[in-house]
Amino acid sequence: MQISRYSAPEFDPYGDNRQQEPDAGWLAPTATAPLESVVAIPGSKSLTNRELVLAALADGPSTLHAPLWSRDSELMVEGLRALGTRFERMPGTGGFGDDLRVIPADELLGSTTIDCGLAGTVMRFLPPVAALALGPTTFDGDEGARRRPMGGSIHGLQALGVDLDDDGRGALPFTVHGTGRVEGGELAIDASASSQFVSGLLLSAARFERGLDLRHTGERLPSLPHIEMTIETLRARRVDVASPEPGRWVVEPGAIAAVDVAIEPDLSNAAPFLVAALVAGGQVTITGWPAQTTQVGAQLAQLLPRFGARVSLDDDRLTVHAPEPAADGGRGIRGVDLDLSEAGELVPNLVALAAFGDGPSTFSGIGHIRHHETDRLAALAAELNGLGGRVTELDDGLRVEPVALTGGPWRAYADHRMATTGAIIGLAVPGVVVDDIGSTSKTLPQFTKLWEQMLA
Ligand SMILES: O=C(O)C1=C[C@@H](OP(=O)(O)O)[C@@H](O)[C@H](O)C1
Ligand SMILES: C=C(OP(=O)(O)O)C(=O)O
């Protein structure tokens, strides 16, 4: 199987490789008036890819209503299909594509190759599934994916007795020699680099002979809400999972129930649209905002008021209202000091917001986002400073001192959230050209259309 490898421009934050072909890239539109927009967002990438894995491991067929259709979710579907899962597309109920019926394989079969693209959820959630398959499964992905840490998954599976061959790289590519079963039992891993190591093992653990008693041994554990999401999706499928103490999770062996699920809109992908209300002025409403959710994007309702926004919720419509203009005519956006260790995926868009603040901002607890789709700390500093900004990298975060920015090239580094961050900057700074707006297809293929509709 040919690996479709997306090779983003080599990351060189301090090189002079900022020249932009004159006609390349997407000119980010500027806002010409305060916004008064209502936006519907497609399904959550994190929820979709968890429910795809659980549906494939379930004790019968089940349906995902309003799932996300993007590169990350389609790579997950293809990876599960390669292992023997069958899928039937059905008329959609969510407005952004088909519903999906998932028919688990009678027996998962390896002897295949899985393209992870740049999807952290695919590269960390599927190897444990492949260990349950019969035969070898080789995992690979984009050039950028080969730079992302995989130690927690690789060493965890090897410690469980899974024959996994990575030539000592601790990264893609590697091969899982599945035997059709995993003993499971007690396991300790260091998940400091990514919560997805924990989530990936927990999602398959009920299918291990002895379940799993998993401990995290590292000093810090990022993105706790995503582990809560994993636990909640498991419990909704009647899996017996508990967290008897912080950093420890116990999954009992047993069936994973076939349950039809409706996928919530992706609240983290609502972030650029909600941030736009503060940068452009006016207000933006997101429809379908869940009353209860484990999505970390829900924290925007508490985080954006820290910048001076007003947030209102009317049934399932969340509206962000721009701050009162400052006395000097500024936007009234306040500087903040935030520990975002729980919400690393929100950082790029919030850093863009901070660049328009009336004072400096500090973001901490986010050293692990150096291992996201790109080194986001270096990329944000490089791109904002390239537009005249004043951003300083810290050991575990960034400091942003707002200054007037100029237009110019903005590199996305194949990172959807870097691309949307460039769009946010472009709202208020004419001439920002994002080199690869298509990287938003990772989780939001409709981004430019939704963005232009918001501005219309
Ligand atoms: O489990 C998930 O769906 C995710 C977990 C987080 O990963 P990290 O813990 O590596 O930040 C998050 O940043 C990512 O966008 C999605
Ligand atoms: C880090 C992210 O994605 P992933 O790790 O799932 O590729 C993200 O969506 O911000």
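Located above this text is the structure these notes cover.
Residues numbered from 1 in each chain as written. Chains lettered and ligands numbered in written order. Predicted model: local features only at pLDDT ≥ 70, side-chain atom pairs only at ≥ 80, totals over all residues. Heavy atoms only, no water.

Peer 1: Residue-level account of the site of ligand 2, with values.
Peer 2: If you check the shell around ligand 2, you find 14 residues, and the closest are K45, G120, R148, R417 and K442. One nitrogen or oxygen atom from the main chain of L118 is found 3.5 Å from an oxygen atom belonging to ligand 2. The contact in question runs from an oxygen atom of ligand 2 to an N or O atom on the side chain of E373, over 3.0 Å. When ligand 2 is considered free in solution it has 290 Å² of accessible area, and contact with the protein chains removes 97% of it. Among the elements of the structure, helix 3 (120-131) and helix 11 (416-428) are those that each provide at least two residues to the shell around ligand 2. The residue makeup of the shell around ligand 2, split by class, is two nonpolar, five polar and seven charged. Each of domain 1 (26-41 + 265-455) and domain 2 (45-251) gives at least three residues to the shell around ligand 2. (Near = heavy atom within 4 Å. Polar contact = N/O pair within 3.5 Å; in protein donor to acceptor, adjacent residues only side chain to side chain. Areas by Shrake-Rupley, 256 points an atom, 1.4 Å probe, with all protein chains shown as cover. Helix = DSSP H or I, 4+ residues; strand = E, 2+ residues; numbered from the N terminus. Nonpolar A, V, L, I, M, F, W, Y, C, P; charged D, E, K, R; others polar. Domains from an automatic or database assignment.)

Peer 1: Which residues make up the environment of C116, and what values do they have?
Peer 2: Note that C116 resides in the loop between strand 6 (112-115) and helix 3. Distance in space between the C-alpha atoms of C116 and G79 is 7.8 Å, their sequence separation being 37 residues.

Peer 1: Explain helix 10 (residues 376-386) residue by residue, including any values.
Peer 2: Helical periodicity: at 3.6 residues per turn, an α-helix aligns residues three or four positions apart in one direction. In terms of burial, helix 10 is a largely internal element, nine of the 11 residues being buried. The distance from a side-chain oxygen at the start of helix 10 to the backbone nitrogen of L377 is 3.2 Å, and the residue carrying that oxygen is D375. Where helix 10 terminates, the next one or two residues include G388, which has phi positive at roughly 95°. (Buried < 20%, exposed > 50% of the residue type's maximum accessible area, 1.4 Å probe, protein only.)

Peer 1: Tell me what's going on with the packing of aromatic side chains, and back it up with residues and numbers.
Peer 2: The tally for this structure, following the rule as stated, stands at five aromatic pairs. Taken together, the ring pairs in this structure connect W26, F273, F447 and W451 into an aromatic cluster. (Phe/Tyr/Trp six-rings, centres within 6.5 Å; stacked < 30°, edge-to-face > 60°.)

Peer 1: Hey, could you go over the site of ligand 1 for me, with residue numbers and the actual values?
Peer 2: Around ligand 1, the structure places 13 residues, and the nearest of them are S46, R50, S194, S195 and E345. The side chain of R50 places a nitrogen or oxygen atom 2.7 Å from an oxygen atom of ligand 1. At 2.7 Å from an oxygen atom of ligand 1 is found a side-chain nitrogen or oxygen belonging to H372. Relative to its free-state accessible area of 380 Å², ligand 1 is covered by the protein chains to the extent of 95%. Among the elements of the structure, helix 1 (45-57) and helix 3 are those that each provide at least two residues to the shell around ligand 1. When residues of the shell around ligand 1 are assigned to their parent elements, the largest contribution, three residues, is made by helix 1. Taken together, the residues that form the shell around ligand 1 break down as one nonpolar, nine polar and three charged. Here the shell around ligand 1 spans two domains, and each of domain 1 (26-41 + 265-455) and domain 2 (45-251) adds at least three residues to it.

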